[in-house]
Amino acid sequence: ALIGKYLNGYMGPGAAEHVPPGFDHWMAMLRLNFYGPVFSENGIKVELNDTVYQTDFIRDWVVDFLSSKRDKSKPFFLMVTPFAPHTPATPAKRHEGMFEGATFPRFDSFNPSDDIQQTRPAWIKDLPPLTQDQIDSMDNFYRNRLESLQAVDEALGKIVATLRDLSLEDNTYFFYTADNGQHFGSYRIPAGKRQAYESDVLVPFLVRGPGITPGVRSTQVVQSVDLAPTFLELATRNSEKRPIAASYPLDGKSLVPLLHGEAPASPKVNRFRWSALLEMYGGSSNIGLRYKNMSAWYHNHMFPNTYQAIRVVNGPGWAKDANLLYVEWCTCEQELYNMTADPHQVSNIVESADFGLVNSLSHLLVGLGDCKGSSCYEFDPGRFGEEHISISRKLRSREDIRNAIRDRLPCHNPPNMSAYDAVLGRKFFAASLPVPEPFHFGFPYSDGDEVPQDVLDLWNEYEHYFY
C-alpha cells in the first residue's frame, strides 16, 4: 500500500486512473495542498475540502488500513510519504507559532565573502550577497518546516501505537528517511536542494525491527537505491519461499547484513560501500526573480546545474581514511573538499590537491557514472587499480581531466541558452543523433514546470538516447 506523494508529475489528465502494478491499496496525491489535498484512491479521484489537513488525513488513513483494510492473513508493505516539510511547509493550525523566533543554522558556508564565493563553480560564483529580506524569508521557511513536521511526528507516534495495540510492533520493520536535504543560504544560494553539498544530499536514515540491536550507529555508506533490494530480501528472509528477484538490475544492495549485525557497523575500511554517486542534470532549485537579469537565469532556475559527484569514505588503497567530496561540472570546473577538516565545504582544494588523488577520483566517478547493477558496488579495488593505471597514462595533467569532462558530460540547458556550449567550444549534445531540437541539451524543463503534451510525447520517443 502507498499513501502520500508518489512521483513528481503525477497529476494532470489521466493521472488519477494510473495505479502502478503491485499495489492493493493506492492513495497517491494528485494535488499537494497542505489543506484540501487531492488523491487518487485506487484509480478514482478524491478531492478533500480545505478544512482537511494533509498529514492528519494520511495518519488516519494509515490507522484505518492497519486496523481494518489490510488482509490480516498476509504480511504487509506500507509506504507513507507525507509532503511535509516541503515548500510551502504549511503547518497544522494547532502548531502555528510553536517555533516563533527560531532561525536556521548559520554555518561557515552561509553568505560567504567574495574571496570564498569566487572558488565556487558555474553560476554560483556570480551570486551577489543575500539580502536581509531573503535571510528573513529563509528563517520563516525554516520555522514553517519545524512546525509542519510536528504533525508528522504525531502521525508516526500514532502509527507505532496502533501497531503496538495490534501486537504487530515487534514483528514490523520501520524505515524512516527522506528524499533530500535542504540548504539555507549556503554559498549565497537561497533555500533549495539541488547541489552536491552535504546539506542537500545527507538525509536521516533510521531503522528498527526484528533482529536489529537498538542504538547501533553505522558509518558504512548507504543510499536510497539500497532500499528496494533490502525490502525484497526481508520479504522472504524468514520463510520457506524462494527469494524475490528483481526483473531488472538493481544499482543498490541489501542492507540486511548491516541491520542484523552480519557486517561491521563502523569498520576501518567500508567494504559494504565506500563511494556514493551523486548526480544532477538541468537547473537549480527555484531561485527567485531577484536573479532574473543574470545570464544563467531561466524560468526561475539557474543553468547550468549539471554535475556528477562522488562521496568517498574510508575506502581501500588510495582511499584509506578518506572523507572526501569530489564534483565535476559540465562546465569542466571541479570541486574537492576534505569533509573531516571542512565539514561545510568552504575550502575548495582541487587545485592544491595531489594530482594522483584527483585523477583517481575522476576515474572512479566515470566508472560509477556509467555503472549498472552490481558493478555500482562490487568493483574490486585491485582490478580497479589496474584499469586506473592503464587509463591514467592518457590523463597526464589537470587540463586532460577537464577535456575529458567536456567530452562526456553535456550541460542540460534549455535550447535558448546555447551560449554556454558556444563558450566551451562543445558540440550540441546528441548532435550526431536523430534527436529533435528541443532536446539538443537534454530535457529543458525542471520540477514544477508545465510541460506541453507534445513535448512529453517526443521525450518518451527519444529519451533512450540520453542514457
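Residues numbered from 1 in each chain as written. Predicted model: local features only at pLDDT ≥ 70, side-chain atom pairs only at ≥ 80, totals over all residues. Heavy atoms only, no water.

## Considering the pattern of salt bridges
Let me state the cut-off plainly: Here, a salt bridge means any Lys or Arg side-chain nitrogen found within 4 Å of an Asp or Glu carboxyl oxygen. Residue exposure (1.4 Å probe, protein chains only): buried if accessible area is under 20% of the type maximum, exposed if over 50%, otherwise partly exposed. Per the convention used, a helix needs a DSSP run of H or I reaching at least four residues, while a strand needs a run of E reaching at least two, with both numbered from the N terminus.
Taken as a whole and assessed by the stated rule, the structure comprises 18 salt bridges. We note a salt bridge from K320 to D321, for which the minimum N-O separation is 3.1 Å. With respect to burial, K320 and D321 carry one shared label: exposed. Where E351 meets R402, a salt bridge forms, and the shortest distance between an N and an O atom there is 3.6 Å. In this pair, E351 sits in the loop between β13 (334-338) and α7 (355-369) while R402 sits in helix α9 (residues 398-408), placing the two residues 51 residues apart along the sequence. The exposure class of R402 is partly exposed, given its relative accessible area of 23%.

## Comments concerning α7
Rule in force here: For a helix, the expected span equals 1.5 Å multiplied by the residue count minus one. Polar contacts here mean pairs of N or O atoms no more than 3.5 Å apart (in protein, one a potential hydrogen donor and the other a potential acceptor; neighbouring residues in sequence count only if both atoms are side-chain atoms).
For α7, built from 15 residues, the straight-helix expectation of 21 Å at 1.5 Å per residue is met to within 8% by its first-to-last C-alpha distance of 21 Å. Looking only at α7, the buried set comprises V358, N359, S360, L361, S362, H363, L364, L365 and L368. At the N-terminal end of α7, a side-chain oxygen is found 2.9 Å from the backbone nitrogen of G356, two or three residues along, and the residue is D354.

## Some thoughts on the packing of helix α1 (residues 54-69) against helix α3 (residues 132-165)
To be explicit about the condition: Note on geometry: axes are lines fitted to C-alpha atoms, helical ones only across the stretch in contact, with angles between N-to-C directions running from 0 to 180 degrees. Under this scheme an angle from 65 to 115 degrees is roughly perpendicular, one under 35 degrees roughly parallel, and one over 145 degrees roughly antiparallel; angles in between are oblique. Contact between two residues is taken to exist if any of their heavy atoms lie within 4.5 Å; hydrogens are not considered. When residue character is reported, Ala, Val, Leu, Ile, Met, Phe, Trp, Tyr, Cys and Pro are called nonpolar, Asp, Glu, Lys and Arg charged, and the others, Gly included, polar.
At a closest axis distance of 9 Å, the pairing of α1 and α3 adopts a crossing angle of 10 degrees. The orientation of α1 relative to α3 falls into the category roughly parallel. For the pair α1 and α3, the contacting residues are T55, D56, R59, V62, V63, L66 and S67 in the first and A151, V152, A155, K158, I159, T162 and L163 in the second. Residue composition of the contact of α1 with α3, grouped by class: eight nonpolar, three polar and three charged.

## Examining the sheet that holds strand β5 (residues 79-81)
Threshold: Each pair of strands is called paired provided DSSP finds at least two bridges between the two strands.
If you trace the five strands from one edge of the open sheet to the other, you get β4-β3-β2-β1-β5, paired in mixed fashion. Every other strand in the sheet has two partners, leaving β4 (44-47) and β5 as the edge strands with one partner each. Adjacent strand axes in the sheet meet at a mean angle of 25 degrees when their direction is disregarded. Pairing geometry for strand β1 (residues 2-4) and β5, over three bridges, is parallel. Pairing of I3 across the sheet is with V80, part of β5. Across the face of the sheet, α1 comes into contact with β1, β2 (26-31), β3 (38-41) and β5 while running at roughly 165 degrees to β1.

## A closer look at the confidence of the model for the chain
The line we're drawing: The predictor reports its confidence for every residue as pLDDT, a score running from 0 up to 100.
Confidence along the chain averages 87 in pLDDT terms, with 85% of residues attaining 70 or more. Segment residues 382-393 is flagged for pLDDT under 50; beyond a separation of four residues in sequence, or across chains, it makes 10 contacts in the model. When the criterion is pLDDT under 50, residues 418-433 qualifies, and its contacts beyond four places in sequence or with other chains add up to 33 contacts.

## Notes on the packing of aromatic side chains
Put simply, the rule is: The pairing test for Phe, Tyr and Trp rings, Trp by its six-membered ring, is centres within 6.5 Å, and the orientation test on the planes gives stacked under 30 degrees, edge-to-face over 60, and tilted for anything in between. Criterion for a charge above a ring: Arg CZ or Lys NZ at most 6 Å from the ring centre, at most 35 degrees from the ring normal.
Overall, the coordinates contain 22 aromatic pairs when judged by the stated rule. Each ring, one from F175 and one from F205, has its centre 6.4 Å from the other, and the planes form 55 degrees; the classification is tilted. Of the two residues, F175 sits in strand β6 (residues 174-177) while F205 sits in strand β7 (residues 205-208), which places them 30 residues apart along the sequence. Here the aromatic cluster, defined as three or more aromatic residues joined through ring pairs, consists of F104, F110, F141, Y142 and F184. Of note, R106 hangs over the ring of F104, and the distance from its end group to the ring centre comes to 4.0 Å. Looking at K253, its charged tip hangs above the ring of F272, at a distance of 4.4 Å from the centre.

## Details of the nonpolar core
Inclusion rule: Put simply, buried Ala, Val, Leu, Ile, Met, Phe, Trp, Tyr and Cys residues joined by side-chain atoms within 4.5 Å make one nonpolar core.
If you look at the biggest cluster of nonpolar residues, it comprises 30 residues, and the most contacted ones within it are W123, I124, L127 and L325. Among the secondary structure elements, those contributing two or more residues to this core are α3, β8 (275-280), β11 (307-313) and β12 (323-329). Of the residues forming this core, the biggest block, four residues, is contributed by α3. Those residues in contact with L325, other than ones at most four positions away along the chain, are A196, Y197, L278, A309, I310, R311, E335, L336, Y337, M339 and Q345. With 24 residues, the next largest nonpolar core counts M29, W61, V62 and A151 among its residues.

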